[in-house]
Amino acid sequence: MKKIGILTFHCAHNYGAVLQCYALQEYLKSLGYDARVINYRPKYLFKAYRIINRRGFKTSNPVRLIRNLFHELLMAPIRCVRRYRFNRFIRTNLILTPAVSKNAIPSDFDAYVVGSDQIWNPDITRGFDNVYFCDFHFRKGDRRYLSYAASAEMDSLNAEDADFYRTALVNLDSISVREGRLKEMLQPLSQKEIAHVLDPALLIDRGMWGKIASDNPVKGRYVLVYQVREDKETEKIAQKVADQLGIRVVSLVAKVDAFRSNACLTAAPEHFVTMIRDADCVITTSFHATAFSIIFNRPFYAVRLNDGKDSRVGSLLESLGLEDRLVEKDDKPVFSDIEYTEANRRLDILRSGSQDYLKSALSL
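Please read these numbers as outputs of a predicted model, since none were measured by experiment.

Participant: Can you break down the overall build of the protein chain residue by residue, with the values?
Facilitator: In terms of helices and strands, the protein chain carries 12 helices and 12 strands. Relative to the 2.2 N^0.38 estimate, which gives 21 Å for 364 residues, the radius of gyration of the protein chain is 21 Å and therefore close to what a compact globule would have. Going through the 364 residues of the protein chain one by one, you find that 55% of them count as buried. Pairs at least 24 residues apart make up 76% of the contacts formed inside the protein chain by residues separated by at least 6 positions. As displayed, the protein chain has an accessible area near 16100 Å², and 49% of this comes from carbon and sulfur atoms.

Participant: I'd love a proper account of the pairing of strand S4 (residues 144-147), names of residues and values included.
Facilitator: Burial along S4 is two-sided: the residues Arg144 and Leu146 and Tyr145 and Ser147 are all buried. The sheet contact formed by strand S3 (residues 111-114) and S4 spans four bridges and is parallel. Within the sheet, the bridge partner assigned to Ala111 lies in S4 and is Arg144.

Participant: Before we move on, can you summarise the nonpolar core with the specific residues and values?
Facilitator: Formed by 69 residues in total, the largest nonpolar core has its most connected members in Tyr148, Trp209, Phe292 and Leu358. Broken down by element, this core gets its largest block of residues, nine residues, from helix H1 (residues 15-30). Once residues within four sequence positions are removed from consideration, Leu358 is found in contact with Leu24, Tyr27, Leu28, Leu146, Tyr148 and Leu203.

Participant: A description of the sheet that holds strand S10 (residues 281-284) should follow, citing residues and the corresponding values.
Facilitator: With respect to topology, six strands assemble into an open sheet ordered S9-S8-S7-S10-S11-S12, the strand pairing being parallel. Both outer strands of the open sheet, strand S9 (263-264) and strand S12 (326-328), are each paired with one neighbouring strand and no more. Note: strand S8 (residues 248-253) against S9, two bridges, orientation parallel. When the sheet's bridge partners are listed, Leu252 is paired in S9 with Cys264. Most of the contacts of helix H8 (residues 232-245) go to strand S7 (residues 222-227), to which it runs at about 170°, and overall it touches S7, S8, S10, strand S11 (300-304) and S12.

Participant: Please set out the packing of aromatic side chains residue by residue, giving values where relevant.
Facilitator: For the structure on display, the rule yields 25 aromatic pairs. Geometrically, the ring pair formed by Phe9 and Tyr132 is edge-to-face, given 5.5 Å between the ring centres and 85° between the ring planes. With Phe9 in the loop between strand S1 (3-7) and H1 and Tyr132 in the loop between helix H4 (122-125) and S4, the pair connects residues that are 123 residues apart, well separated along the chain. Assessed through its relative accessible area of 0%, Tyr132 is described here as buried. Among the aromatic side chains, those forming a connected cluster through ring pairs are Tyr15, Tyr22, Phe86, Phe89, Trp209, Tyr226, Phe272 and Phe292. The lysine or arginine in question, Lys3, covers the ring of Phe109, its NZ or CZ lying 4.9 Å from the ring centre. Sitting above the plane of the Phe287 ring, Arg178 keeps its charged end 4.4 Å from the centroid.

Participant: Kindly report on empty space enclosed by the protein, identifying the contributing residues and their values.
Facilitator: The tally for this structure, following the rule as stated, stands at one cavity of 30 Å³ or more. What the largest cavity holds in volume is close to 40 Å³. Lining the largest cavity, in full, are Arg229, Thr284, Thr285, Ala302, Val303, Arg304, Asp310, Val313 and Leu326. Ranked by residue count, the leading element in the lining of the largest cavity is S11, at three residues. For the lining of the largest cavity, the class distribution of residues is four nonpolar, two polar and three charged.

Participant: Tell me what's going on with the sheet that holds strand S2 (residues 34-37), and back it up with residues and numbers.
Facilitator: Strand order in the open sheet made by the four strands is S2-S1-S3-S4, with parallel pairing throughout. Of all strands in the sheet, those bounded by a partner on one side alone are S2 and S4. Each strand of the sheet is rotated relative to its neighbour by a mean of 20°, with strand direction disregarded. Inspection of the sheet shows S1 paired to S2 by four bridges, in the parallel sense. Bridging from a neighbouring strand, Lys3 pairs with Asp34 of S2. Across the sheet, H1 lies against S1, S2 and S3, angled at about 165° from S2, the strand it touches most. Packed on one face of the sheet, helix H12 (residues 341-363) meets S1, S3 and S4 and runs near 155° to S4.

Participant: Any details on the packing of helix H9 (residues 269-278) against helix H10 (residues 287-295)? Residues and values, ideally.
Facilitator: Look at H9 against H10: their axes get within 9 Å of each other, and the N-to-C directions meet at 55°. Compared by their axis directions, H9 and H10 come out oblique. The two elements H9 and H10 meet at a crossing, and its hand is right-handed. Where H9 approaches H10, its residues Phe272, Val273 and Ile276 are matched on the opposing element by His288, Ala289, Phe292 and Ser293. Class assignment of the residues belonging to the contact of H9 with H10 gives a composition of five nonpolar, two polar and no charged.

Conventions we followed
- Residues numbered from 1 in each chain as written.
- Predicted model: local features only at pLDDT ≥ 70, side-chain atom pairs only at ≥ 80, totals over all residues.
- Heavy atoms only, no water.
- Helix = DSSP H or I, 4+ residues; strand = E, 2+ residues; numbered from the N terminus.
- Rg over C-alpha atoms; globule rule 2.2 N^0.38 Å.
- Buried < 20%, exposed > 50% of the residue type's maximum accessible area, 1.4 Å probe, protein only.
- Contact = heavy atoms within 4.5 Å.
- Areas by Shrake-Rupley, 256 points an atom, 1.4 Å probe, with all protein chains shown as cover.
- Pairing = 2+ DSSP bridges.
- Core = buried A, V, L, I, M, F, W, Y, C linked by side-chain atoms within 4.5 Å.
- Axes fitted to C-alpha atoms, helices over the stretch in contact; angles between N-to-C directions.
- Phe/Tyr/Trp six-rings, centres within 6.5 Å; stacked < 30°, edge-to-face > 60°.
- Lys NZ or Arg CZ within 6 Å of the ring centre and 35° of its normal.
- 1 Å grid on protein atoms, 1.4 Å probe; cavity = no way out; pocket = protein on both sides within 12 Å on 5 of 7 lines; lining within 4 Å.
- Points joined across faces, edges and corners; volume = space filled by probe spheres on them.
- Nonpolar A, V, L, I, M, F, W, Y, C, P; charged D, E, K, R; others polar.
- Parallel < 35°, antiparallel > 145°, perpendicular 65-115°, else oblique.
- Left-handed = near helix turned anticlockwise from the far one by under 90°.

The following block contains the structure:
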């Protein structure tokens, strides 16, 4: 049995990050591989999820300092519960190696898969992280190195970034990315054919996701709003849709920064899956909330913020013929259900192609 090591953002306390990692692990296991997540935990991945946000104390204004201190003390217990639930999910559902540093990636795997998520986004990784390009401390040897659905969330490349990619992509035996636009930008920089594949969350079907779904912490009918990039207009759209349906809005937050009367502040990753599955409608600026809405065939509206970070959602919806569910933030959509027959047909084709890429890349 081949032993496969996965390198991705598995330790970020971000719903999409941990769930896409779980999906890739489970799909590889379904193929008969011994799939494990290499427990590489760079500080830049979890600095945003600290119990105490130290930035609020960098002020010379004593009133503001006291106010920020009081706020952080109020938030700390909530963040502790959230951290516990994320760590419990990671510990329970991911098959982890011992923690390793950048220069101590284990060399005992037959293949290495980097991705998915925004592992090639230098804004997140504080400059490109060579680990996510399989640039390891040991010799390449008789092993396979590939990317699966790597993402960068960018619409253009500057000359410096292009030079880096041109050199770094040589490390990979097979290359696949999550967005069509990223493929267009990177293909001229590599002699290997770059594949456009689905996010791992879409590799497995709703039946497999049902295995980790939990009891819903929300009772009754609701419109779910989930944002990673916060925008007040998105909340207004959610409220308008909820008013049309005569139900309430429930907010699921990406980070705990403030109290919200309608928010689930401590939801675990399994709650994320359940809350999307059971929602009457999902309003979101998030790629993964959009993906899970599609997995469970839920009505949704993805909100375009026009901040240069909409390509991931746009690429997915275009591939499934669901472009009309991508709305502008000043739109006032009239709620309508989604006829998923054609989208599901397209998704099955794309899923099969993505699975074929992995099977082929790992067997060569």
